[in-house]
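In case you want the letters, here they are:
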Amino acid sequence: MPAAIGIDTLAGFSTDPLPPGMRPTTPIKSTAVTCPRILAVVGLALLTACGSPPTAVPGPAAQLPAPAAATVTPGAGVKVGIALGGGAAKGFAHIGVIKMLEANGFAPAVVAGTSAGSVVGALYASGMNAFELQQKAVALDETSIRDLQLSSGGLVLGQKLEDYVNEQVRRQPLEKLAKPFVAVATRLEDGERTMFSRGNTGQAVRASSSVPGVFQPVAIGRFHFVDGGVVSPVPVDAARQLGADIVVAVDISSKARGQAPAGMLGTLGQSIAIMGQKLGQAELARADVVVRPQVLDIGAADFTQRASAILEGERAALAVMPQIRERVAQLQAAREQATRLAQQKTAEAQRLACLEQRSRLQKLAGMAGIDSACPAP
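Residues numbered from 1 in each chain as written. Predicted model: local features only at pLDDT ≥ 70, side-chain atom pairs only at ≥ 80, totals over all residues. Heavy atoms only, no water.

**Q** Before we move on, could you go through the nonpolar core and cite the residues and values that matter?
**A** With 62 residues, the main nonpolar core has Ile82, Phe92, Ile98, Leu133, Val165, Phe181 and Ile324 as its most contacted residues. In terms of residue count, the dominant contributor to this core is helix 10 (residues 306-357) (nine residues). Every residue in contact with Val165, bar those within four places of it in the chain, is listed here: Ala122, Leu123, Thr201, Gly202 and Val205. If you look at the next biggest cluster of nonpolar residues, it comprises 14 residues, including Val184, Ala238, Ala239 and Ala287. (Core = buried A, V, L, I, M, F, W, Y, C linked by side-chain atoms within 4.5 Å. Buried < 20%, exposed > 50% of the residue type's maximum accessible area, 1.4 Å probe, protein only. Helix = DSSP H or I, 4+ residues; strand = E, 2+ residues; numbered from the N terminus. Contact = heavy atoms within 4.5 Å.)

This is how it looks when you write it as structure tokens:
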């Protein structure tokens, strides 16, 4: 780009453009300068000099700094969170959903889980990938997480589940897991939703999974806790509180379908599902994308269909993948637009500051249109 021409530059021009050794022997007739802009500027300068005391020759105008680099690059910076809902043995479907998210480049950065979702979520947040989760699911012995004990509070103590989870996460506390993770439970004394984000990982998962009437309530401190599905069947809000930009919710909860459930566990499960349906709908509406694996026919304690549940999770996740891509693209576009606007404001502010720093003569040159030291952004 040609250098800016100002009054100080004009003052340094020589009237003889050729060096002594190259001057022609025949005199060259001088020609009058006809550029009206230059004449106008010189006239302004002379008028100024007549009416003002002499001033030092102005230095170069302040240069406009380069615009700040963009803070958001395309395809980066979007934090995907996953909210894993409760559903007992249906929870194996969560593994299939995570598999497809990872395979398509949307690996969750933060994880929130309720009940069965907290079991899968804790193992995933500990650093396992989806294929390692699947291997754990296939190798899982049901008796390793079930400890029956007759009690007025429930049939299952839950200590085995706690020990199993702690063993799988290498006894790391919640705050030391590889990914931010919370297990959602219900405080029995007042029904308050509780998000466990620090402390004993296995104990938090046990509290989140303690289905009322089946598992005994878990005492932590001076309170007792039961299944998080009572207040947050799919913990969308918890995932958002962890800092997720986009929340993918996985809903595997049972739905009342006009049929009487079989057995005590079925009755308890459907009763809790009915209570949580309306509550769950409100929270699910706050998710960006909802995944609904077709696992309603899998019983609450039917561990024999774990492979089918994983497959249904994969199918359901693939079905909503276009929605996830669209939502990510929308968020990235909005961020890029915000970055461009911020850069434009910064450039305009820098230009105004540059204009204020010019000398009087440079301002006159700018009025004549020949001083481009502070170009418009």
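After that view of the structure, there is still more to cover.
**Q** I'd like a rundown of the packing of helix 4 (residues 116-125) against helix 6 (residues 159-168), residues and numbers included.
**A** Remark: helix 4 packs on helix 6, axes separated minimally by 9 Å, with the N-to-C direction vectors making an angle of 20°. Looking at the two axes, helix 4 sits roughly parallel to helix 6. Here helix 4 and helix 6 pass one another in a crossing that is right-handed. Along the contact surface, helix 4 presents Val119, Ala122 and Leu123, while helix 6 presents Leu161, Tyr164, Val165 and Gln168. By residue class, the composition of the contact of helix 4 with helix 6 is six nonpolar, one polar and no charged. (Axes fitted to C-alpha atoms, helices over the stretch in contact; angles between N-to-C directions. Parallel < 35°, antiparallel > 145°, perpendicular 65-115°, else oblique. Left-handed = near helix turned anticlockwise from the far one by under 90°. Nonpolar A, V, L, I, M, F, W, Y, C, P; charged D, E, K, R; others polar.)

**Q** Describe in detail the packing of aromatic side chains, supporting the description with residues and values.
**A** Under the counting rule described, the total for this entry stands at two aromatic pairs. Considering the side-chain rings of Phe92 and Phe303, the 5.7 Å spacing of their centres and the 80° angle between planes classify their relative orientation as edge-to-face. Taken together, the residues span a long stretch of sequence, with Phe92 in the loop between strand 1 (80-84) and helix 3 (93-103) and Phe303 in the loop between strand 8 (289-291) and helix 10 at a distance of 211 residues. For Phe92, a relative accessible area of 10% translates into the label buried. According to the relative accessible area criterion, Phe303 is buried, its value standing at 13%. Measuring from centroid to centroid gives 5.1 Å for Phe196 and Phe225, while their planes differ by 70°, and the two rings are edge-to-face. (Phe/Tyr/Trp six-rings, centres within 6.5 Å; stacked < 30°, edge-to-face > 60°.)

**Q** Quick rundown of the pattern of salt bridges? Include the residues and the values.
**A** Summed over all chains, the structure comprises eleven salt bridges. Glu175 serves as the salt-bridge partner of Arg198, at 3.9 Å between the closest nitrogen and oxygen. Residue Arg198 is found in the loop between strand 4 (193-196) and helix 7 (201-208), and its partner Glu175 is found in the loop between helix 6 and strand 3 (181-187); the two are separated by 23 residues along the sequence. Using a relative accessible area of 34% as the deciding quantity, one classes Glu175 as partly exposed. In this structure, Arg315 engages Glu312 in a salt bridge whose closest nitrogen and oxygen atoms are separated by 3.0 Å. Of this pair, Arg315 and Glu312 both sit in helix 10, separated by three residues, roughly a single helical turn. (Salt bridge = Lys/Arg side-chain N within 4 Å of Asp/Glu carboxyl O.)

**Q** I'd like to hear about unusual backbone geometry, residue by residue, with values.
**A** Here Arg170, not a glycine, exhibits a phi torsion of approximately 60°, which is positive. Looking at where Arg170 falls in the secondary structure, it is placed in the loop between helix 6 and strand 3. Relative accessible area serves as the criterion here: at 53%, Arg170 is assigned to the exposed category. Despite not being glycine, Arg171 has its phi angle at roughly 60°, a positive value. The topology assignment puts Arg171 in the loop between helix 6 and strand 3.

**Q** Tell me what's going on with the pairing of strand 2 (residues 110-114), and back it up with residues and numbers.
**A** Of all the five residues making up strand 2, five are buried; the element is thus mostly covered by neighbouring parts of the structure. What you see with strand 2 is no split at all: Val110, Ala112 and Thr114 on one side and Val111 and Gly113 on the other are buried throughout. Two strands pair when backbone bridges link them, and strand 1 and strand 2 are joined in this way by four bridges, in the parallel orientation. Residue pairing in the sheet places Ala83 in a bridge with Ala112 of strand 2. Where strand 2 lies against strand 3, four bridges are found, and the strand directions are parallel. Bridge pairing in strand 3 links Ala112 to Val182. (Pairing = 2+ DSSP bridges.)

**Q** How would you sum up the environment of Val165? Please name residues and give values.
**A** Residue placement: Val165 occurs in helix 6. When its relative accessible area of 0% is taken as the criterion, Val165 is described as buried. A C-alpha to C-alpha distance of 10.0 Å links Val165 and Asn200, two positions 35 residues apart in sequence.

**Q** Can you explain the side chain of Thr201? Please cite residues and give values.
**A** Relative to the helices and strands, Thr201 is located in helix 7. Its relative accessible area of 0% is what places Thr201 among the buried residues. At 2.7 Å, the side chain of Thr201 and the backbone oxygen of Gln172 are in polar contact. Filtering out sequence-adjacent residues up to four positions away, Thr201 remains in contact with Ala122, Val165, Asn166, Val169, Gln172, Pro173, Leu174 and Leu177. (Polar contact = N/O pair within 3.5 Å; in protein donor to acceptor, adjacent residues only side chain to side chain.)

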